[in-house]
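These are the residues of each chain, in order.
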Amino acid sequence: MIEVKNLTKSFDGKTILHDVSATFYTGKTNLIIGQSGSGKTVLMKSIVGLVTPEQGEILYDNRDFLKMNPRQVKELRKEIGMLFQGSALFDSETVLGNVMFPLTMFTSMTRGEILDRARFCLERVNLQGAEKKYPSEISGGMQKRVAIARAIALNPKYLFCDEPNSGLDPRTSILIDELLHDITHEYGITTIINTHDMNSVLGIGENIIFINKGHREWVGDKERIFTTTNEALNDFVFATRLFQKVKHYIISEGHKEK
Amino acid sequence: MFIAKAFSIPDKWKVFSRRTLQEVTKLGVDSIPLVIVISVFIGAVCTIQMKLNTSNPLMPAYSVGLATRDIVLLEFSNSILCLILAGKVGSNIASEIGTMRVTEQIDALEIMGVNSVNYLVLPKIVAFVGFMPVLSVFCIGTSILGGYLVTIFTDLISTARYTYGIQAFFNEWYVWYGLIKSLVFAYIIASVASFFGYYVKGGALQVGKASTNAVVSSSILILLFDVILTKVLLQ
């Protein structure tokens, strides 16, 4: 479990995160949602340590991240996997090389064991056969899957995904969502997904944190989101006619059942 | 701070060795053709210029070979060569690391707990500084060969006088002086380019700007240190 308490972060005098608190649960897909520029990426980068907040606490299973020394941070990072918006695969390495990278750097496994583990991770994301290809030779969806395989190679306790569906077609987005959801439950990972994809919100949102203008506005799950009275959240989630219709349909079906 | 992080102990020596060998190939071995082409032509031009501009009958004919050799040893094989390599190698390093920065590959390394500066920069510095003497020696040899070819294909100076001039009044320290300078300049190129690449913010446009800034800054530093090292090592 990851807990964030009273996190505040500013850039050039402008406060991006205002006293944000949230809890991200183990074995659940935790979603941070919000409009572009709302501060959700800064929140995620603060939690993983790419940005240092001015105040607040970040607790990884009760271990205060901001009070750790560099050695403790390095150890903690071995428990973290991250999927970046642009996949962030190493261009100079093959698909297999990318997945092998964390294993080579941080384990004392033999080359054979590393190969076995990397191949297992690639099979887990249905990417067997693409081992020898370079990132530039595969599609965006495949790149995301390689990045997921790399992120889970060290059996992380915490998995962070920054807009995993950006640039993907709806069908591939659903596949990535399902993969992240399955991996989270299979390995009992604390998964935090940064997204503004409503399909993801309504599909895998087990714990949703809505960030608006740097404030935590709402917390709930994909069922509760249909009955929320939070105006900003309604405007954000049900912005399109399609989702407005879905909402009306689900609410009316709920009334009929009652 | 940047250099301190770069020179910290690598996480895995095996990975560091493999990366250093890759950088030797990319930054060093791949530069040999450029060094050879430039050196042959500059050596030839030096010889022709020396002959055409030293028509004093009191100057012995072999002085053309002697002057060509000393120009190559003292300046061309280190300062001028490194100014040229600042363009090729410096822009390569800055654009590679810069692209890794803007595509979040460096963030990915940091998240994994890898010291990204050490992982990316140290192999480049070690490889380029380590291979620079080889490039310098290639430059010296092929420059003198360029002058030699002039003596074969033109009648400006006889081959015998040129080869005598090449060997006359040889000062071994000039070789060491040139090699020391080339090592310092190689370090400047690799570290300055890495610095500019590592701290890129933005996108492709900024990577291009960082690459240009890296070449300009390392060229100026090379010229500055050329003056300092000449004063220190030759006086």
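Before reading on, note that the structure itself is shown above.
Before going into details, it helps to say that this report is about the structure given with it. Note that the structure is predicted; figures quoted are calculated from it, not measured. (Residues numbered from 1 in each chain as written. Chains lettered and ligands numbered in written order. Predicted model: local features only at pLDDT ≥ 70, side-chain atom pairs only at ≥ 80, totals over all residues. Heavy atoms only, no water.)

Quick word on the pairing of strand β3 (residues 29-33) of chain A
Residues and elements named next belong to chain A.
Turning to step 1, where the next piece is worked out: Within β3, five of the five residues are buried, which leaves the element mostly enclosed by the surrounding structure.
Turning to step 2, where the next piece is worked out: The alternating pattern of β3 places T29, L31 and I33 and N30 and I32 on opposite faces, both of which are buried.
Turning to step 3, where the next piece is worked out: Relative to strand β8 (residues 190-195), β3 runs parallel, the two being bridged by five bridges. Directly across from I33, in β8, lies its bridge partner T195.
Turning to step 4, where the next piece is worked out: For β3 and strand β9 (residues 207-212), the ladder comprises four bridges, and the chain directions are parallel. In the strand pairing of β9, I33 is matched with F210. (Buried < 20%, exposed > 50% of the residue type's maximum accessible area, 1.4 Å probe, protein only. Helix = DSSP H or I, 4+ residues; strand = E, 2+ residues; numbered from the N terminus. Pairing = 2+ DSSP bridges.)

Some remarks on the state of the cysteines
Turning to step 1, where the next piece is worked out: Using the criterion set out here, one finds zero disulfides over all chains in the structure.
Turning to step 2, where the next piece is worked out: For the unlinked cysteine C161(A), the closest cysteine sulfur is that of C121(A), found at 15 Å.
Turning to step 3, where the next piece is worked out: Note on C46(B): no disulfide assigned, nearest cysteine sulfur contributed by C139(B) at a separation of 10 Å.
Turning to step 4, where the next piece is worked out: Among the residues examined, C46(B) registers a relative accessible area of 15% and is labelled buried. (Disulfide = S-S within 2.5 Å.)

With respect to helix α6 (residues 170-187) of chain A
Residues and elements named next belong to chain A.
Turning to step 1, where the next piece is worked out: For α6, built from 18 residues, the straight-helix expectation of 26 Å at 1.5 Å per residue is met to within 8% by its first-to-last C-alpha distance of 26 Å.
Turning to step 2, where the next piece is worked out: Turning to α6, its buried residues number three or more, namely T172, S173, I176, D177, L179, L180, I183 and T184. All buried residues of α6 project into a common sector of 160 degrees when viewed along the axis, lining one side. Residues P170, R171 and L175 are exposed on α6 and point more than 90 degrees away from its buried face.
Turning to step 3, where the next piece is worked out: Where α6 begins, the capping side chain belongs to D169, and its oxygen is found 3.1 Å from the backbone nitrogen of R171.
Turning to step 4, where the next piece is worked out: Just beyond α6, the residue with positive phi is G188, at close to 60 degrees. (Expected span 1.5 Å × (residues − 1). Arc of directions from axis to C-beta. Polar contact = N/O pair within 3.5 Å; in protein donor to acceptor, adjacent residues only side chain to side chain.)

Comments concerning the interface of chain A and chain B
Turning to step 1, where the next piece is worked out: Taken together, the contacts link 23 residues of chain A with 17 residues of chain B.
Turning to step 2, where the next piece is worked out: Both faces considered, chain A and chain B share a buried interface measuring about 1800 Å² in area, 62% of it formed by carbon and sulfur atoms.
Turning to step 3, where the next piece is worked out: Across the contact surface, chain A and chain B share one salt bridge.
Turning to step 4, where the next piece is worked out: Here D11(B) makes a salt bridge to K74(A), at a shortest N to O gap of 2.4 Å.
Turning to step 5, where the next piece is worked out: Counting across the chain A and chain B interface gives five residue pairs in polar contact (both at pLDDT 80 or more).
Turning to step 6, where the next piece is worked out: Taken together, the elements giving at least two residues each to the side of chain A that touches chain B come down to α1 (40-48), α2 (70-77), β6 (80-83) and α3 (95-106) of chain A.
Turning to step 7, where the next piece is worked out: When residues of the side of chain A that touches chain B are assigned to their parent elements, the largest contribution, five residues, is made by α3(A).
Turning to step 8, where the next piece is worked out: For the side of chain A that touches chain B, the per-class residue count stands at 12 nonpolar, five polar and six charged. (Contact = heavy atoms within 4.5 Å. Buried area = accessible area lost by both parts, 1.4 Å probe. Salt bridge = Lys/Arg side-chain N within 4 Å of Asp/Glu carboxyl O. Nonpolar A, V, L, I, M, F, W, Y, C, P; charged D, E, K, R; others polar.)

Quick notes on the pattern of salt bridges
Turning to step 1, where the next piece is worked out: The tally for this structure, following the rule as stated, stands at 18 salt bridges over all chains.
Turning to step 2, where the next piece is worked out: Among the ionic pairs, R119(A) bridges to E131(A), the shortest N-O distance being 3.1 Å. With R119(A) in helix α4 (residues 111-124) and E131(A) in the loop between α4 and α5 (140-152), the pair connects residues that are 12 residues apart, well separated along the chain.
Turning to step 3, where the next piece is worked out: The closest approach of N and O atoms between K26(B) and E96(B), which form a salt bridge, is 2.7 Å. Taken as a pair, K26(B) in helix α2 (residues 13-28) and E96(B) in helix α4 (residues 63-102) lie far apart in primary sequence, 70 residues in all.
Turning to step 4, where the next piece is worked out: Looking at E96(B), the relative accessible area reads 23%, which means it is partly exposed.
Turning to step 5, where the next piece is worked out: Put simply, R19(B), E23(B), K26(B), E96(B) and K124(B) are held in one network by salt bridges that share partners.

So, the packing of aromatic side chains
Turning to step 1, where the next piece is worked out: Using the criterion set out here, one finds 15 aromatic pairs over all chains in the structure.
Turning to step 2, where the next piece is worked out: Seen in terms of ring centroids, F101(A) and Y119(B) are 5.3 Å apart; in terms of plane orientation they differ by 80 degrees. Their pairing is edge-to-face. In this pair, F101(A) sits in helix α3 while Y119(B) sits in helix α6 (residues 116-153), so the two residues belong to two different chains.
Turning to step 3, where the next piece is worked out: Aromatic pair F2(B) and Y199(B): ring centres 5.7 Å apart, planes at 55 degrees, arrangement tilted. On the criterion of sequence distance, the pair formed by F2(B) in helix α1 (residues 2-6) and Y199(B) in the loop between α8 (172-198) and α9 (204-234) is long-range, its members being 197 residues apart.
Turning to step 4, where the next piece is worked out: Relative accessible area serves as the criterion here: at 7%, F2(B) is assigned to the buried category.
Turning to step 5, where the next piece is worked out: Three or more aromatic residues link up through ring pairs in this structure, and these residues are F2(B), F195(B), F196(B), Y198(B) and Y199(B).
Turning to step 6, where the next piece is worked out: A cation over an aromatic ring shows up here: R150(A) above the ring of F90(A), its NZ or CZ 4.7 Å from the ring centre. (Phe/Tyr/Trp six-rings, centres within 6.5 Å; stacked < 30°, edge-to-face > 60°. Lys NZ or Arg CZ within 6 Å of the ring centre and 35° of its normal.)

Examining the side chain of N194(A)
Residues and elements named next belong to chain A.
Turning to step 1, where the next piece is worked out: Along the chain, the position of N194 falls in strand β8.
Turning to step 2, where the next piece is worked out: Here K40 takes part through its backbone oxygen, which lies 3.2 Å from a polar atom of the side chain of N194.
Turning to step 3, where the next piece is worked out: Setting aside residues no more than four positions away along its own chain, N194 makes contact with I32, K40, T41, M44, C161, D162, E163 and P164.

Looking at the layout of surface pockets
Turning to step 1, where the next piece is worked out: In this structure, the largest pocket spans a volume of roughly 1500 Å³.
Turning to step 2, where the next piece is worked out: Lining the largest pocket are 41 residues; nearest its centre among them are G49(A), L50(A), R101(B), D107(B) and E110(B).
Turning to step 3, where the next piece is worked out: Taken together, the elements giving at least two residues each to the lining of the largest pocket come down to β1 (2-11), α1 and α2 of chain A together with α1, α4 and α5 (105-112) of chain B.
Turning to step 4, where the next piece is worked out: Of the residues forming the lining of the largest pocket, the biggest block, six residues, is contributed by α2(A). (1 Å grid on protein atoms, 1.4 Å probe; cavity = no way out; pocket = protein on both sides within 12 Å on 5 of 7 lines; lining within 4 Å. Points joined across faces, edges and corners; volume = space filled by probe spheres on them.)

Some thoughts on the sheet that holds β6(A)
Backbone-to-backbone hydrogen bonds join strands into a sheet, with any given pair of strands oriented parallel or antiparallel.
Residues and elements named next belong to chain A.
Turning to step 1, where the next piece is worked out: Taken together, the six strands give an open sheet; going across it, the order is β6-β7-β8-β3-β9-β10, and neighbouring strands pair in mixed fashion. For this open sheet the edge positions go to β6 and β10 (215-220), each flanked by a neighbour on one side alone. Sheet twist, expressed as the mean angle between neighbouring strand axes with direction ignored, is 15 degrees.
Turning to step 2, where the next piece is worked out: As paired elements, β9 and β10 share five bridges and run antiparallel to each other. In the sheet register, N212 faces β10, and the bridge partner there is H215. (Axes fitted to C-alpha atoms, helices over the stretch in contact; angles between N-to-C directions.)

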